[in-house]
Amino acid sequence: MDKIRLMKKIVKILAIAMAAILVILIIAFIGHVVKINNYNMLEREITSDSTTTEAMVDIHPRGGVTDSWEKENTGLGFKLNAKIYELVVTNNSQTLMDDWKLRINIHDDCYLNNGWCGKFEIHQFDEEKGEQVQTIDLRNYDVSEITINYTMGGQDLLIPLTEGDYIIYLPDGSGVAGEVPIKGSADFSGSVVCGIIIYNKLGSIDLSDYVFNYNLHLTYWEGSIGRFFTVSFPAWALLMIVLGVIFLMTVQFEERFIIQGKILEEVLGVTCSLADSKDYYSKEHSKRCANYSRLIAEKLGMDKNDCDTVYYAALLHNIGNYYVPEQILRKNGKLTTEEYNQVKTHTTKGAELLKELQHIPHADEAALYHHERYDGTGYPTGKKGEEIPLVARIVAVADAFDAMSIDRPYRKKFMREQIREEFIKNRGTQFDPTIVGVFLDIMGELDL
Ligand SMILES: [Fe+2]
């Protein structure tokens, strides 16, 4: 039972510790969530003058003969040359680049003709109308809806741009073109290559002045801290399940243990009642004696197991009465020497029966020695003092108290003060003086 209590105590301490760990985990996770949200919401920016290693932009002419050509039918009165420029955006951040836009500042006269996949937010500065802005999908446009300055060179749309104008490339976010998001990892730098076609007289233009805005995105479960939470929450839940199973098993074991203890007590109660039933006046004597003995043992500071042992031993101490004829046990008059000798045998016969009990140690000692006297004048062996086992000295006091507390055919029960005087008078002769001292304290608390 002590082990079960210890186990319950350990489970309880572990449950408290696990609850504390959960609180710490939740607080840490909330902090982590706030940090990740701030990371994700941060609008980042690099320019052609300020760079970072987490993201890169590279704008360069595409090489090869077919990537540039002349255009005669411009409608402008002069010939233009076209060139394809690649816009390479690279994500080295090891996280997800989930949004970005690229502003390209124009320094030379030119015409924007086409662009891959995404849309262009075009900012034109007109001397009369001021800044003109329109977002156009250059691959799929309706000329009638274009509000900014433009001209048509044959089938080609030509949007004039001059010093101070700028275009913002907005990548295709539909997922079809795969321009956003851009995935990056520890061993993989994600990148996309977009493109625009620019016309001008030279067939070449400086596009190196840009502003790149982007957002990075982490999930709560990425990174070393995210992975820690990925593992720690399920691990916590698993430990709680294990702890719960152990607790349930402990409770079930405890219930079974309690039931078995009750069965044992009931069987022992019935057994000792067999002996008590032979004497009408001593019915329930053994149970009362066992209760008093346990109180003495507890007052002496014995541990729970020893108190149980004393209780069971006291419950069985008169089991030998079963062998003594009823007419002797119930006799009202004085016993003959022969009859008294037969009564005395209940100690030895009881001990003989009880010595087989391996799990109720000292039960046989209680039966054999509970009529010994502290001064050595008792029976059956004449042991004295502390030669008499402690359990028997305890039972002797409890036995005498119960005998004095009930009416007998030949006398009335003793009053409380008389009992006290009897114990004091026989302290050190019949009874162990220490146990008498303890019991006198207990008597004051007994509800008789
Ligand atoms: Fe007895």
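Definitions and limits used
- Residues numbered from 1 in each chain as written.
- Predicted model: local features only at pLDDT ≥ 70, side-chain atom pairs only at ≥ 80, totals over all residues.
- Heavy atoms only, no water.
- Helix = DSSP H or I, 4+ residues; strand = E, 2+ residues; numbered from the N terminus.
- Rg over C-alpha atoms; globule rule 2.2 N^0.38 Å.
- Buried < 20%, exposed > 50% of the residue type's maximum accessible area, 1.4 Å probe, protein only.
- Contact = heavy atoms within 4.5 Å.
- Lys, Arg positive; Asp, Glu negative; His and termini not counted.
- Charge placed at Lys NZ, Arg CZ, Asp CG, Glu CD.
- Expected span 1.5 Å × (residues − 1).
- pLDDT = per-residue confidence, 0-100.
- Disulfide = S-S within 2.5 Å.
- Patch = residues over 30% accessible without salt bridge, like charges linked within 9 Å, V, L, I, M, F, W, Y side chains within 5 Å.
- Areas by Shrake-Rupley, 256 points an atom, 1.4 Å probe, with all protein chains shown as cover.
- Salt bridge = Lys/Arg side-chain N within 4 Å of Asp/Glu carboxyl O.
- Axes fitted to C-alpha atoms, helices over the stretch in contact; angles between N-to-C directions.
- Parallel < 35°, antiparallel > 145°, perpendicular 65-115°, else oblique.
- Left-handed = near helix turned anticlockwise from the far one by under 90°.
- Nonpolar A, V, L, I, M, F, W, Y, C, P; charged D, E, K, R; others polar.
- Donors = N, O, S within 2.8 Å, 3.2 Å for Na, K, Ca; no water.

Draft legend 1. The overall build of the chain, seen in detail. Looking only at helices and strands, one finds ten helices and 14 strands in the chain. Since a compact globule built from 448 residues should have a radius of gyration of about 22 Å, the 51 Å found for the chain marks it as more spread out than a globular shape. Each of the three principal axes of the chain carries a C-alpha extent, and together these read 155 × 35 × 35 Å. Here the chain, with 448 residues, has 41% of them falling under the buried criterion. Counting contacts in the chain only where the partners sit at least 6 residues apart, residues at least 24 apart contribute 71% of the total. Within the chain, the 63 negative side-chain charges are centred at a point lying 19 Å from the centre of the 46 positive side-chain charges.

Draft legend 2. Molecular detail of helix 8 (residues 390-405). Helix length check: helix 8, at 16 residues, gives a terminal C-alpha distance of 23 Å against a target of 22 Å (1.5 Å per residue), a fit within 8%. Along helix 8, 14 of the 16 residues are buried, which leaves the element largely enclosed by surrounding structure.

Draft legend 3. Highlighting the confidence of the model for the chain. Taken over all residues, the pLDDT of the chain has a mean of 91, while the share at 70 or more is 98%. The weakest mean pLDDT in the chain belongs to strand 3 (residues 68-71) at 84; the strongest belongs to strand 11 (residues 166-170) at 97.

Draft legend 4. Broad picture of the state of the cysteines. Using the criterion set out here, one finds zero disulfides in the structure. Summary of cysteine pairing: C289 is not part of a disulfide, and the nearest cysteine sulfur, belonging to C272, is at 10.0 Å. With no disulfide of its own, C307 lies 15 Å from the sulfur of C289, the closest cysteine sulfur.

Draft legend 5. Main features of a negative patch on the surface. On the surface, a cluster of negative charge is contributed by D108, D109, E163 and D206. Position of E163 among the secondary structure elements: in the loop between strand 10 (156-161) and strand 11.

Draft legend 6. Main features of the packing of helix 3 (residues 285-299) against helix 4 (residues 304-315). At a minimum axis distance of 8 Å, the contact between helix 3 and helix 4 shows a crossing angle of 155°. In terms of orientation, helix 3 and helix 4 fall into the roughly antiparallel class. The hand of the helix 3/helix 4 crossing is right-handed. On helix 4, the residues that touch S286, K287, C289, A290, N291, S293, R294, A297 and E298 of helix 3 are C307, D308, V310, Y311, A314 and L315. Of the residues in the contact of helix 3 with helix 4, the class split is eight nonpolar, three polar and four charged.

Draft legend 7. Representation of the coordination of the iron ion in the model. For the iron ion, the full set of protein donor atoms is N318 (OD1), H346 (NE2), H370 (NE2) and H371 (NE2), at a range of 2.2 to 2.4 Å. All donors of the iron ion belong to a single chain; written as a sequence motif, their spacing is N-x27-H-x23-H-H. Remark: H346 occurs in helix 6 (residues 337-354) and N318 occurs in the loop between helix 4 and helix 5 (326-329); sequence separation between them is 28 residues. The buried category is assigned to N318, whose relative accessible area is 8%. Classification of H346 by relative accessible area gives buried; the value is 3%.

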